[in-house]
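# Residue-level structure breakdown
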Amino acid sequence: MTAPFTSSARGGLPTAVLAMSAAFLVYDQSTAINVLLPPLQQEFAASRAELEWAVNAYSLSFAAVMLGAGALVDVWGARRVFLIGMGIFAVCCAGCAVAPTMLLLILALLLLGIGAALLIPSSLVLATASATTPQQRTKNVAMWASSGGIGMSAGPLLGGALTEMGSWKLMFWFHAAIAAVSALAGARLLPTVARVPHPLDVPGQIAATLAFGGLVFALVQSADQGLSPMVLGAFAVAVVGVIAFVVIESRVAAPLMPLAVWRNRVFLGASLQGALWNLALYGLLFALGLLLQTGMSMSVLHSSLMFLPLTIAILVGNLTVSRITEAIDRVDHLLAGAQTVFALSLLGLAWAGWSQSIWGIIVAMIPAGFASGLLVPTMTTQSLATVPRELHGAASAAFNTLRQVGGSIGVAVFGILLGSELDAGFARCLIAAAAATVVAAVLTPLTQRPRRAA
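Notes on the structure follow. (Residues numbered from 1 in each chain as written. Predicted model: local features only at pLDDT ≥ 70, side-chain atom pairs only at ≥ 80, totals over all residues. Heavy atoms only, no water.)

### With respect to the overall build of the protein
A tally of helices and strands in the protein yields 17 helices and zero strands. The C-alpha atoms of the protein give a radius of gyration of 21 Å, which matches the 22 Å a tight globule of 454 residues would have. Here the C-alpha coordinates of the protein stretch approximately 60 × 50 × 45 Å along the principal axes. For the protein, buried positions account for 55% of its 454 residues. Put simply, of all contacts in the protein between residues at least 6 apart along the chain, 83% involve residues at least 24 apart. (Helix = DSSP H or I, 4+ residues; strand = E, 2+ residues; numbered from the N terminus. Rg over C-alpha atoms; globule rule 2.2 N^0.38 Å. Buried < 20%, exposed > 50% of the residue type's maximum accessible area, 1.4 Å probe, protein only. Contact = heavy atoms within 4.5 Å.)

### Observations regarding the packing of aromatic side chains
Scanning all chains against the criterion turns up four aromatic pairs. Ring geometry for Phe44 versus Trp168: centroids 5.9 Å apart, planes at 65°, classification edge-to-face. With a gap of 124 residues between them, Phe44 in helix H2 (residues 37-44) and Trp168 in the loop between helix H6 (134-165) and helix H7 (169-189) connect regions that are remote in the sequence. Assessed through its relative accessible area of 17%, Phe44 is described here as buried. The class of Trp168 is buried, set by a relative accessible area of 3%. Through pairs of rings, three or more aromatic residues link up here, namely Tyr27, Tyr58 and Phe62. (Phe/Tyr/Trp six-rings, centres within 6.5 Å; stacked < 30°, edge-to-face > 60°.)

### Considering the environment of Ser228
As for its position among the elements, Ser228 is in the loop between helix H8 (202-225) and helix H9 (229-249). Taking C-alpha positions, Ser228 is 9.5 Å from Ala218, a pair spaced 10 residues apart along the chain.

### Comments concerning the environment of Leu105
Secondary-structure assignment places Leu105 in helix H5 (residues 102-129). The class of Leu105 is buried, set by a relative accessible area of 0%. Sequence separation between Leu105 and Val231 is 126 residues, and the spatial gap between their C-alpha atoms is 22 Å. If near-sequence neighbours (up to four positions away) are discounted, Leu105 is found in contact with Leu40, Phe44, Cys96, Ala99 and Trp168.

### Some points on the side chain of Ser372
Note on placement: Ser372 falls in helix H15 (residues 358-385). For Ser372, a relative accessible area of 1% puts it in the buried group. Reaching out from Ser372, the side chain makes a polar contact with the backbone oxygen of Ala368 at a distance of 2.8 Å. When neighbours within four sequence positions are excluded, Ser372 is seen to be in contact with Trp277, Ile314 and Phe342. (Polar contact = N/O pair within 3.5 Å; in protein donor to acceptor, adjacent residues only side chain to side chain.)

### Side note on a nonpolar patch on the surface
A contiguous nonpolar surface patch, about 400 Å² in accessible area, is contributed by Leu200, Val202, Ile206, Leu210 and Val237. Ranked by residues supplied to the nonpolar patch, first place goes to H8 with three residues. If you trace the backbone, Ile206 turns up in helix H8. The exposure class of Ile206 is partly exposed, given its relative accessible area of 48%. (Patch = residues over 30% accessible without salt bridge, like charges linked within 9 Å, V, L, I, M, F, W, Y side chains within 5 Å. Areas by Shrake-Rupley, 256 points an atom, 1.4 Å probe, with all protein chains shown as cover. Salt bridge = Lys/Arg side-chain N within 4 Å of Asp/Glu carboxyl O.)

### Things to note about the nonpolar core
Counting 137 residues, the largest nonpolar core has Leu40 and Phe89 as its most contacted members. With residues up to four places along the chain from it excluded, the contact list for Leu40 reads Ile33, Ala45, Ala46, Leu51, Ala54, Met102, Leu105 and Trp168. (Core = buried A, V, L, I, M, F, W, Y, C linked by side-chain atoms within 4.5 Å.)

### With respect to the environment of Ala434
Locating Ala434 in the fold gives a position in helix H17 (residues 422-442). Taking the C-alpha atoms as reference points, Ala434 and Thr444, 10 residues apart in sequence, are found 16 Å from one another. Ala434 has contacts with Ala343, Leu346 and Leu347, leaving out every residue within four places of it along the chain.

### Topic: the packing of helix H11 (residues 265-295) against helix H14 (residues 331-355)
For any two helices packed against each other, the geometry comes down to the angle between their axes and how far apart the axes lie. Between H11 and H14, the least distance of the axes is 12 Å, while the angle of their chain directions is 20°. When the axes of H11 and H14 are compared, the pair comes out roughly parallel. Regarding H11 and H14, the two cross each other, and that crossing is left-handed. Contacts from Gln273, Trp277, Ala280, Leu284 and Leu291 in H11 reach Leu335, Gln339, Phe342, Leu346, Leu349 and Gly353 in H14. Here the residues of the contact of H11 with H14 sort into eight nonpolar, three polar and no charged. (Axes fitted to C-alpha atoms, helices over the stretch in contact; angles between N-to-C directions. Parallel < 35°, antiparallel > 145°, perpendicular 65-115°, else oblique. Left-handed = near helix turned anticlockwise from the far one by under 90°. Nonpolar A, V, L, I, M, F, W, Y, C, P; charged D, E, K, R; others polar.)

### Quick word on unusual backbone geometry
With a phi angle near 50°, Ala45 is a residue other than glycine that sits in the positive phi range. Tracing the chain through its elements places Ala45 in the loop between H2 and helix H3 (48-76). Residue class for Ala45 comes out exposed when judged on its relative accessible area of 66%. At Ser297, a position not held by glycine, the phi torsion is positive, near 55°. Within the secondary structure, Ser297 sits in the loop between H11 and helix H12 (300-306).

As structure tokens, this is what we get:
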């Protein structure tokens, strides 16, 4: 076992900065791709299903590998996993930029998601390990989370601006350059962190990948193929994967996702709410990017600017959520209220998209973004509120995995609902997103902590 990291010339600020760069890259990539879909469709003559895979390939491998990434950090060490993840990210971004076909681009994005999954737990461990006091640790975690939020918010604008400057490929080259510099700097500056070796749950990882992959493949391909034998086979693979995962996790010594976590009512409620929110938001980003550029004939830069009210409002919500929580003093009221505002905003967006009202879209995105900024930190906090500390790592991985799966399902389902008439299809998508948000709001009582735990 390596020695635990303590403050040294190799730690401190450089480590925290590198950890923040990883969070920025991972979440910037997750949203930037949405404004690149029409240029990709034009260059590669891509089908709707291929465009959905351009979004889902990244989130699917991200979600599948995320479960085992935390265990890899324990076994290999945060430094090694970070460098491997950053190396994969750099190489795969370059691969996306030079991909000659849509199929190879999707394969590169699939591998890119693996790099992203390795970066999230390793960078978070490095961010906390670089602190020498509890106060500094809290500050580092907040800065790491804020970097991810900034990346998510900046993604559409950055992707649109770089595309307008030359080509959609510039976004991938930009990410590749940051990842390469971070990997080289990390090899020189990153400290080693104490490891906690334990067996890797390889069978559980394989079963989870089959479950996620089969489900998303079936949903995406059903838009073009209906209930074809291939689609039905993919659904069957997903069912077998789920059953195998439950059986494996109940028997292995070091499961990826201890079943005890799912018996926690508060965790289960918060995780389901997180998945439903991701379904609504990622589906919205996918549908909105196509509506603005293809349905309303906006340029890439103009359409990326249209995302600003949403992303800025998310940041404002993130920055003010702690004060609002203290003022309300009831987390369940905050969750229910924010989800109500989000659902109503989605209905407003449905009307604005159907009528192609630019100002209607802008106005409706402000409360949608602000409510989202309140929801994510609150749901994340609640997901761990009553989970024993020794299960925090597994619970965090499970929560984030379920969110990513929700986002992938949202893109797949919204791809089916969009149809050929984008204005009417967009309205259908947003009504479905509002319905999912209402279901999430109904689940709010599950997230209320028992009095003893509170």
